[in-house]
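Inside the fold
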Amino acid sequence: MNRTDISSIGRAVDLTYATNRAIAVITLLVAIGGLLWQRLSGAPWLASTTWGSQAGLTVFLTWALCRELDPDHPTAAFAAAGFALVAVLVWALPQLALILWLVILMRVVNRSTGLAAGVLDAVGLVGLAGWLSLQDNWAYGLITAIALFLDSQLPDPTRRQLPFALLSAIVTALVAILASASLWETPSVMVGLGALGLSLVFLPVILAARSIESIGDETEERLRPARVQAAQVLALLTGVGAAFLDGSSALVRLGPLWASVLGASFTWLKSTLPFFGSSS
């Protein structure tokens, strides 16, 4: 059985590539460093190990997420990982399940592997979105429904995603009804506007994706610009929407997303503007 028989959107970390070896080493070092830091702070071994492991996974998932948001610039993912580590040290750990969901969501829409998401991928995505909606924010189910609908409409559409999009919309509606007491709470306008302003720095990266050069892992065919841009916009919509609904806590939970936005934007500036470095 091939790996793609289980998941067509899974991306293996091939250690024959220098960048993959680098992130593997960085992840391990962060995990060990986090463990030791917590131990020196007086935390017990189990708590220290858990914290260090989560810090390492935060760095890795941020790197993976930024690869989806800006496929043409691998170095952006390392800048994003650095920003995420700083955020963890200054504020708190993000919600790793939420970041994993976002990585999967991006792959469904942008098809970075070159292959359409399979049935198991769609079922897993809807299930994870439903759980996150119950735990945190009903809008995650809505974002999932939009992503699956887009996958059925964008270039090289996968029509079988329509029933899953409908299923996710139904789950969202049920969760919204269950959470009706908090559904119409006053939105965090200032935090939401701040997230919206931060997302503006990512617009040049979205525009640059019109001439995407990256190829799919499995097909070696160039990625579809419309799909990459749709995934980028959907990621920003997730971050801004969560900020409006949940306030500053959403910024921490989605820290790797904003770290990826900053990493990709910084890399674009560095490669485009002369005073940031040589033009690529």
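This one's a predicted model, so the numbers in the text were calculated from it and none came from an experiment. (Residues numbered from 1 in each chain as written. Predicted model: local features only at pLDDT ≥ 70, side-chain atom pairs only at ≥ 80, totals over all residues. Heavy atoms only, no water.)

Quick notes on a nonpolar patch on the surface
Test applied: Like charges are joined within 9 Å and nonpolar side chains (Val, Leu, Ile, Met, Phe, Trp, Tyr) within 5 Å, but only among residues with over 30% relative accessible area and no salt bridge; these make up the patches. The protein chains shown are the only cover counted for residues, whose accessible areas, like all others here, come from Shrake-Rupley with a 1.4 Å probe. Just to be clear on terms, a salt bridge is a Lys or Arg side-chain nitrogen sitting within 4 Å of an Asp or Glu carboxyl oxygen. What counts as a helix is a DSSP run of H or I of at least four residues, what counts as a strand is a run of E of at least two, and both are numbered from the N terminus.
On the surface, a cluster of nonpolar side chains totalling about 560 Å² of accessible area is made up of Trp37, Val86, Leu89, Val90 and Trp91. Looking at which element gives the most residues to the nonpolar patch, the answer is helix 4 (residues 74-90), with 3 residues. Structurally, the position occupied by Val86 is in helix 4.

Here's the deal with the packing of aromatic side chains
Convention followed: Pairs were defined over the aromatic rings of Phe, Tyr and Trp, the Trp ring being its six-membered one, requiring ring centres within 6.5 Å. Orientation was assigned from the angle between planes: stacked under 30 degrees, edge-to-face over 60, tilted for the rest.
What the rule picks out here adds up to 4 aromatic pairs. For the ring pair Phe60 and Trp63, a centre distance of 5.7 Å and an interplane angle of 35 degrees mean the geometry is tilted. Highlighted residues: Phe60 and Trp63, both in helix 3 (residues 45-69), separated by 3 residues, approximately one helical turn. Connected via pairs of aromatic rings, a cluster forms that spans Phe60, Trp63 and Phe78.

Digging into the confidence of the model for the protein chain
Rules: You can read pLDDT as the predictor saying how much it trusts each residue, on a scale of 0 to 100.
With 92% of its residues at a pLDDT of 70 or more, the protein chain has an overall mean of 89. Across the protein chain, the element-wise mean pLDDT spans from 52 in helix 9 (residues 180-183) up to 96 in helix 3.

Considering unusual backbone geometry
Even without a glycine there, the phi angle at Asp156 is positive, about 60 degrees. Turning to its location among the elements, Asp156 is positioned in the loop between helix 7 (139-151) and helix 8 (161-178). Phi angles above zero are rare outside glycine, and Glu220 is one such case at about 60 degrees. Here Glu220 shows up in the loop between helix 11 (203-208) and helix 12 (225-246).

Quick notes on helix 6 (residues 119-135)
Which entries qualify depends on this criterion: Working rule for helices: expected span equals 1.5 Å times residues minus one. For each residue, the accessible area found with a 1.4 Å probe, counting protein chains only, is set against the maximum for its type, and the residue is called buried under 20%, exposed over 50%, and partly exposed in between.
Along its 17 residues, helix 6 runs 24 Å from first to last C-alpha, staying within 8% of the 24 Å computed at 1.5 Å per residue. By the burial criterion, the buried members of helix 6 are Asp121, Ala122, Leu125, Val126, Leu128, Ala129, Gly130, Leu132 and Ser133.

Observations concerning the layout of surface pockets
What counts, and what does not: Definitions used throughout: a 1 Å grid over protein atoms alone; a cavity as a set of points that fits a 1.4 Å probe which cannot get out; a pocket as an open set with protein on both sides within 12 Å along at least five of seven lines; a lining residue as one with an atom within 4 Å of a point. Grid points are joined across faces, edges and corners, and a volume is the space filled by probe spheres set on the points. Residues are sorted three ways: Asp, Glu, Lys and Arg are charged, Ala, Val, Leu, Ile, Met, Phe, Trp, Tyr, Cys and Pro are nonpolar, and all the rest, Gly among them, are polar.
When its volume is computed, the largest pocket comes out at roughly 610 Å³. If you trace the largest pocket, you find 22 residues lining it, with Arg11, Tyr17, Asn20, Arg67 and Asp217 closest to the centre. Mapped onto the lining of the largest pocket, the elements with two or more residues apiece are helix 2 (18-40) and helix 3. Along the lines of polarity and charge, the residues of the lining of the largest pocket split into 7 nonpolar, 7 polar and 8 charged. In this structure, the second largest pocket encloses a volume near 350 Å³. Around the second largest pocket, the lining is made up of 21 residues, and of these Ala87, Trp91, Leu251, Gly255 and Trp258 lie nearest the centre.

Regarding the pattern of salt bridges
Opposite charge on two side chains allows them to pair when their charged atoms are near. Under the definition given, this model contains 7 salt bridges. In this structure, Arg111 and Asp151 form a salt bridge, with 3.0 Å as the shortest nitrogen-oxygen distance. One end of the pair, Arg111, is in the loop between helix 5 (96-110) and helix 6; the other, Asp151, is in helix 7, with 40 residues separating them in the sequence. Residue classification places Arg111 among the buried residues on the basis of a relative accessible area of 6%. Overall, the relative accessible area of 0% leaves Asp151 in the buried class. Arg227 is paired through a salt bridge with Asp151; the nearest N and O atoms lie 2.9 Å apart. On the criterion of sequence distance, the pair formed by Arg227 in helix 12 and Asp151 in helix 7 is long-range, its members being 76 residues apart. Like Asp151, Arg227 is buried. Three or more residues joined by partner-sharing salt bridges are found here, namely Arg11, Glu68, Arg107 and Asp217.

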